[in-house]
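# Reading the structure
Each chain, letter by letter, is given below.
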Amino acid sequence: MMTAFSRTLILYLLIMIGLRLMGKRQIGELEPSELVLTMMLSDLATVPMQDFGKPLLSGVIPILTLLALSMLLSQLSLKSLRFRSLVCGKPTILIENGKLRQGAMRKNRFTIDELLEELRGQGICDIQSVKYAVLENSGQLSILPWPQEQPPTVKQMRMDVKDDVELPRILINDGRVIERNLVDCKKSEEWLKTQLKKHGFGSPGDVFLMTLTGTDTVNCLPKEASK
Amino acid sequence: MKSFAPPLLLLAAILIFSIWNCNTMKSDTDRWSDQMEQVDALAVSGDWKLALSGLADSYDDWSGNQTYLHIVAEHDAVDSTEGMYLRAQAFARTEELTEFRAEIADLRNHLRLLSEMERFSIKNVL
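This is a predicted model, so every value here is computed, not measured.

In terms of regular secondary structure, chain B is built from six helices and zero strands. Mapped in sequence order, the helices and strands of chain B form the string α-α-α-α-α-α. Residues classed as buried in chain B amount to 29% of the 126 residues present. Put simply, 66% of the contacts in chain B that link residues at least 6 apart link residues at least 24 apart.

If you want it as structure tokens, here you go:
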């Protein structure tokens, strides 16, 4: 047990350091600590699961140690910015004001081909049309084009647009009335019956989906008969 | 500081359990090994009846810890130790001194390894 405990501590820290040294490109979508945890947990769980000759504790002790370490690291990251940058790294600016920062690219082992590929993926063919390109801790590249390269927003065009964005509430889901949403929308059973009648339904069971928007617009989808 | 408590407590609990397990394993295997030494001396002096009874007592003591041993140690190691106990008992019944002593020496070595597997040492960690 002591061996498993200390080996887990050493391996976790070793893989964390290794991943940090490998740079952001290798990480993918997860942060280094999350990736290490995912990689190690999935392997650890299968050992006692497949080999009945090994005690369950030989998998449980390292898993619990890893979870505790991971919780500890995330708490430390929350408390200390320095620790956070040590564990997760810092976002790196690869393009600043349309200019390529070759030093930053070399440091992160990010090739020009990869950068151009990322830019093309976002419909950008020219480096100069990018104001900022930031390599995030997760390894993803955030691209911010110059304002003149972006479609204008309503605010920029100084237009007066009516706010018609409403999150519809589901009142009937596959024939079942969602009572909680009905109460939240301040509607009664009587109102629901009236609406059903108005849309040509006999009961909630005939409705596949009924939604209500903030502007009191009711949308109904009838339930198809099962074959 | 409160938020650090759950992971630190969990790590501390695992550490305490590991140290306790290491000590328990050592004291148990040392006890069984001492019992084997006494049984061996009895067999050498020709007192097979007492040797067999001592071996049976030691086996009962061992069997009482089987569940715990299966929880913390490799099942193969526990099973082969059990096999050695049974073989040693069979040799004691037929009073075959050479085989009996070899089996007891093997058993003691196996018990030492069982304890060593759980010990916190650089050799084990690396």
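Let us now look at the overall build of chain A. The number of helices and strands found in chain A is eight helices and eight strands. Long-range pairs, those at least 24 residues apart, make up 51% of the contacts in chain A between residues at least 6 apart in sequence.

Now for the interface of chain A and chain B. Interfaces are often sized by the accessible area lost when the parts come together. Taken residue by residue, the interface counts 17 residues in chain A and 25 residues in chain B. Elements with a minimum of two residues in the side of chain A that touches chain B: α1 (2–22) and α3 (57–79) of chain A. Considering each element in turn, the side of chain A that touches chain B owes the most residues, eight residues, to α3(A). For the side of chain A that touches chain B, the class distribution of residues is 10 nonpolar, five polar and two charged.

Glancing now at the packing of helix α4 (residues 75–93) of chain B against helix α5 (residues 97–118) of chain B. All names here are of chain B. Across the interface, α4 lies against α5 with an axial gap of 9 Å and an inter-helix angle of 160 degrees. Regarding the angle of α4 to α5, the classification is roughly antiparallel. Our pair here, α4 against α5, has a crossing hand that is left-handed. Residues A77, S80, T81, M84, Y85, R87, A88, F91 and A92 of α4 lie in contact with α5, whose contacting residues are E99, F100, E103, I104, D106, L107, H110, L111 and L114. A class-by-class count of the residues in the contact of α4 with α5 yields 11 nonpolar, three polar and four charged.

Across chain A, the average pLDDT comes to 84, with 94% of residues at 70 or higher. The least confident element of chain A, judged by mean pLDDT, is α1(A) at 74; the most confident is strand β7 (residues 207–212) of chain A at 94.

To continue, consider the nonpolar core. Counting residues in each nonpolar core, the largest one holds 29 residues, and the members touching the most others are A88(B) and A92(B). Looking at this core, the elements that each hand over two or more residues are α1 of chain A together with α1 (5–44), α2 (48–64), α3 (66–72), α4 and α5 of chain B. The biggest single contributor to this core is α1(B), with seven residues. Core analysis: the next-biggest nonpolar cluster, separate from the first, contains 10 residues, F110(A), L115(A), A133(A) and L135(A) among them.

All names here are of chain A. The four strands lie next to each other as β2-β1-β3-β4, forming an open sheet whose pairing is antiparallel. The open sheet has two free edges, formed respectively by β2 (99–100) and β4 (141–145), since each of these has just one partner strand. Pairing analysis gives five bridges linking strand β3 (residues 130–135) to β4, with the strands arranged antiparallel. Bridge pairing in β4 links A133 to I143.

What follows concerns the sheet that holds strand β6 (residues 176–177) of chain A. Residues and elements named next belong to chain A. Judged by pairing direction, the sheet is antiparallel, and its four strands sit side by side in the order β6-β5-β7-β8 without closing on themselves. The strands lining the two open edges of the sheet, one partner per strand, are β6 and β8 (218–222). In terms of strand pairing, β7 meets β8 through five bridges, oriented antiparallel. The residue of β8 that forms the bridge with V207 is P222.

A few words now on α1(B). Residues and elements named next belong to chain B. Between its first and last C-alpha atoms α1 spans 58 Å; for 40 residues at 1.5 Å apiece the expected length is 58 Å, and the two agree. Listed as buried for α1 are P7, I14, S18, N21, C22, M25, T29, W32, M36, V39, D40 and A43. Of the residues flanking the end of α1, it is G46, one or two places downstream, whose phi is positive at about 90 degrees.

Attention now goes to the environment of A104(A). Residues and elements named next belong to chain A. Relative to the elements of secondary structure, A104 occurs in helix α5 (residues 102–107). Exposure remark for A104: the 17 C-beta atoms within 10 Å place this residue in the partly exposed category. Separated by 10 residues in sequence, A104 and L94 have C-alpha atoms that sit 6.0 Å apart. With residues near it in sequence (within four places) discarded, A104 still touches T92, I93 and L94.

Right, let's talk about the pairing of β3(A) for a bit. All names here are of chain A. Pairing of strand β1 (residues 92–96) with β3 involves four bridges; the strand directions are antiparallel. For E96, the partnering residue across the bridge sits in β3 and is Y132. In textbook terms, the turn of a hairpin is the stretch between consecutive antiparallel strands, and for β3 and β4 this stretch comprises five residues, one of which, G139, has a positive phi near 95 degrees.

In this section: the confidence of the model for chain B. Here chain B averages 89 in pLDDT, and 100% of its residues register 70 or above. As scored by the predictor, the complex reaches a pTM of 0.65 and an ipTM of 0.74.

A packed helix pair is summarised by two numbers, namely the angle formed by the two axes and the spacing between the axes. Residue and element names in this part refer to chain A. For the pair helix α2 (residues 32–50) and α3, interaxial distance at closest approach is 9 Å and the crossing angle is 165 degrees. Judged by the angle between their axes, α2 and α3 are roughly antiparallel. The interaxial crossing formed by α2 with α3 has left-handed handedness. Every residue of α3 that contacts α2 at S33, L37, M40, L41, L44, A45, V47 and P48 is listed here: S58, G59, P62, I63, L66, S70 and L73. Considered class by class, the residues forming the contact of α2 with α3 number 11 nonpolar, four polar and no charged.

Scoring rules and cut-offs
Residues numbered from 1 in each chain as written. Chains lettered and ligands numbered in written order. Predicted model: local features only at pLDDT ≥ 70, side-chain atom pairs only at ≥ 80, totals over all residues. Helix = DSSP H or I, 4+ residues; strand = E, 2+ residues; numbered from the N terminus. Buried ≥ 20, exposed ≤ 12 C-beta atoms within 10 Å, placed from the backbone. Contact = placed C-beta atoms within 7 Å. Nonpolar A, V, L, I, M, F, W, Y, C, P; charged D, E, K, R; others polar. Axes fitted to C-alpha atoms, helices over the stretch in contact; angles between N-to-C directions. Parallel < 35°, antiparallel > 145°, perpendicular 65-115°, else oblique. Left-handed = near helix turned anticlockwise from the far one by under 90°. pLDDT = per-residue confidence, 0-100. Core = buried A, V, L, I, M, F, W, Y, C linked by C-beta atoms within 7 Å. Pairing = 2+ DSSP bridges. Expected span 1.5 Å × (residues − 1).

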